[in-house]
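# Examination of the molecular architecture
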Amino acid sequence: MPFIGGTRLTIDLPATDCDGDGIPDALAVAAGLASLDDPHFDHRINVSAACIGAKATCLVDVDGDDDVDVIAVSYGDGKVRIFANDGSGGLANATELAAGLQGPWSIEPGDLDGDSDPDLVVSLFDAGEVVWFENDAGTFSGVPSIVGTIPQPSAATIGDVDNDGILDVVAASYQAGAVYWFRQLPTGGFSNQQLVGNGIGGAYDCKLLDVDSDGDLDVVSAALLADTVKWHENDGSGVFGGAHVIGQQVDGARSLATGDLDGDGAIDVVCASSFDDSISWFSGDGLGGFGPRHTITSGVDGAQHVGVEDLNADGAPDIIVASANGDYAGWIPSLGGGSFDELVVVGSGSAYARDVDSADLDGDGNLDLVVTSRDDNTIAWYPQRVLHDCNSNGWPDCVDILSGASTDFDGNGVPDECLQPLLAADTVTLSLSMGGAQHLQLTGGAAGALQFFFLLGSATGSSPGIHDSVSGATLPLNYDAYFELLLLSGGAGILVPQYGFLDQYGNATSKVLVPPSTNPTLAGLGLTHAYLTVNVLTDWTLGFVSNPVPLTLVP
């Protein structure tokens, strides 16, 4: 208790703990332990501290129970482990998928056999092999099949390289300084390696992306020793021409990610470079051209991994990073238009952090972080907690509601006075190979109760949009072929449902559906969806328009 003039001053604060971190929310805000309206990840939950030399994870629903599981590879003990999720973030004791592997280095999910469940591709650095584990409705045999052999494979990714409708595997070879691809044969099995590109000194990462918008998947590579980021042009049949330089003097280019950082509708490339401790990005024009290097930060000591994800659900992709020498993971909030805020450290004390991934593990609609750290053999996850203050009174919304200062008639946790027309989504990416759904939440508030809603989309962004001169509102979608398809075909089976009535509280739900094995040439396509409402019970005038929500299609 503080003292003022020799008198003990007592301050009564509400004891509510809406974010479940064990600290009363009002106290956390008053003490500066949490910021209102900003995500925080201050609660660490260990998944395992027995993954010797933990190297990487992938987050995917391997058992078909509609929650995200954690799959980890550990270099030191040569194991692949599956941690099954109970739906609330409870991760069961590990099931060892495989042991005795020679140097498991990376892991990538994808439906290689076309049976609508995710298989796993693992690169074995010491064995010089890329292998895959077949998933049969959540059951793995534990005995991998060989995709192919290359010296010291450091990364592998999955996509239809030759446009034959069957997924192939692309892998980087650190020792050879090259990237190769393995064609999956219609009869099963894989061909011998075929060259994507060489002269990639210390090839460390590779991604598949239609860089030049010609309908096929090109390859982006990162060279740890040559300090370059390049893209390799695919002619559509799996024959690759010369490499195009995206960036040079990227000192220790180690990890790649892609996303539309500047909101221009074209996919950009992000790189973590460990020798200059930097996270940087290159703006793509969608035709194969890239702008100069933009350094987001040069303060990620020994940068190991980078990812792109909209953590705070504001429609602008944020950056997640892992710092080996700094022993932490973190995220860098986007300010929109390709500008970024300061690095926010998460998971301090993660000894030699190698990897960081994001997914909603506990089913609360917020993206959580999973951190892999080598020197303490640990996989840990950090739930995202947000203390919202929609009315800007300095107190969390839940405190207002529980104290009676605000009403919450619809029970959605938001004070009724704050409700505004809103569209929110549970993810900003969907896999073409695996399929899935982007779940949309329409929240119109009291003003939207019983109004007729209509969802639409655009493949060319949200600006300048479509302006209604009568109401003065602007629907944040551009009129293009995709917009017209949805408008004229009742959602084309993509938006389900496309239209209907908001309920008495102004709420509704919908989905954007992507079937498994959708045309892989759509990888990298960015879609935007929004809705409008119409007063059909009165004068058929426009009610309101929502914010736009992005969706990127990935291999």
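Quick summary incoming for the structure in this document. (Residues numbered from 1 in each chain as written. Predicted model: local features only at pLDDT ≥ 70, side-chain atom pairs only at ≥ 80, totals over all residues. Heavy atoms only, no water.)

Turning next to the sheet that holds strand β37 (residues 422–425). If you walk across this open sheet you meet the 4 strands as β37-β39-β45-β43, and the pairing is antiparallel. On the outer flanks of this sheet lie β37 and β43 (495–496), each paired with one strand and no other. As judged from the 4 bridges shared by β37 and strand β39 (residues 436–443), these two strands associate in the antiparallel manner. When the sheet's bridge partners are listed, L422 is paired in β39 with T443. (Pairing = 2+ DSSP bridges. Helix = DSSP H or I, 4+ residues; strand = E, 2+ residues; numbered from the N terminus.)

On inspection of all chains with the given rule, the structure shows 10 aromatic pairs. Ring pairs connect the aromatic residues Y75, W105, F125, Y174 and Y204, which therefore count as one cluster. The ring of W105 has R354 lying over it, and the distance from NZ or CZ to the ring centre is 5.7 Å. (Phe/Tyr/Trp six-rings, centres within 6.5 Å; stacked < 30°, edge-to-face > 60°. Lys NZ or Arg CZ within 6 Å of the ring centre and 35° of its normal.)

Spatial ordering of the open sheet is given by β19-β20-β21-β22, a layout of 4 strands whose pairing is antiparallel. Of all the strands in the sheet, just β19 (203–209) and β22 (240–247) have a single pairing partner and so form its edges. When the angles between neighbouring strand axes are averaged without regard to direction, this sheet yields 25°. (Axes fitted to C-alpha atoms, helices over the stretch in contact; angles between N-to-C directions.)

Moving on, we come to the pattern of salt bridges. Considering all chains together, one arrives at 9 salt bridges under this definition. K79 is the partner of E96 in a salt bridge, and the nearest nitrogen-oxygen pair spans 2.8 Å. Residue E96 is located in strand β8 (residues 95–98), and its partner K79 is located in strand β7 (residues 79–83); the two are separated by 17 residues in the primary sequence. By relative accessible area, which is 43% here, E96 ends up partly exposed. Its salt-bridge partner being R385, residue D362 comes within 3.2 Å of it at the nearest N-O pair. (Salt bridge = Lys/Arg side-chain N within 4 Å of Asp/Glu carboxyl O. Buried < 20%, exposed > 50% of the residue type's maximum accessible area, 1.4 Å probe, protein only.)

Take the environment of A49 next. Considering the arrangement of structural elements, one finds A49 in the loop between β4 (45–48) and β5 (54–60). Sequence separation between A49 and N377 is 328 residues; the distance between their C-alpha atoms is 5.2 Å. Ignoring sequence-local partners within four residues, the contact set of A49 consists of D376, N377 and T378. (Contact = heavy atoms within 4.5 Å.)

Let us look at the pairing of strand β45 (residues 507–514). Here β39 pairs with β45 via 8 bridges, running antiparallel. The residue bridging L442 from the neighbouring strand is A508, located in β45. Relative to β45, β43 is paired through 2 bridges, and the arrangement is antiparallel. In the sheet register, V496 faces β45, and the bridge partner there is K511.

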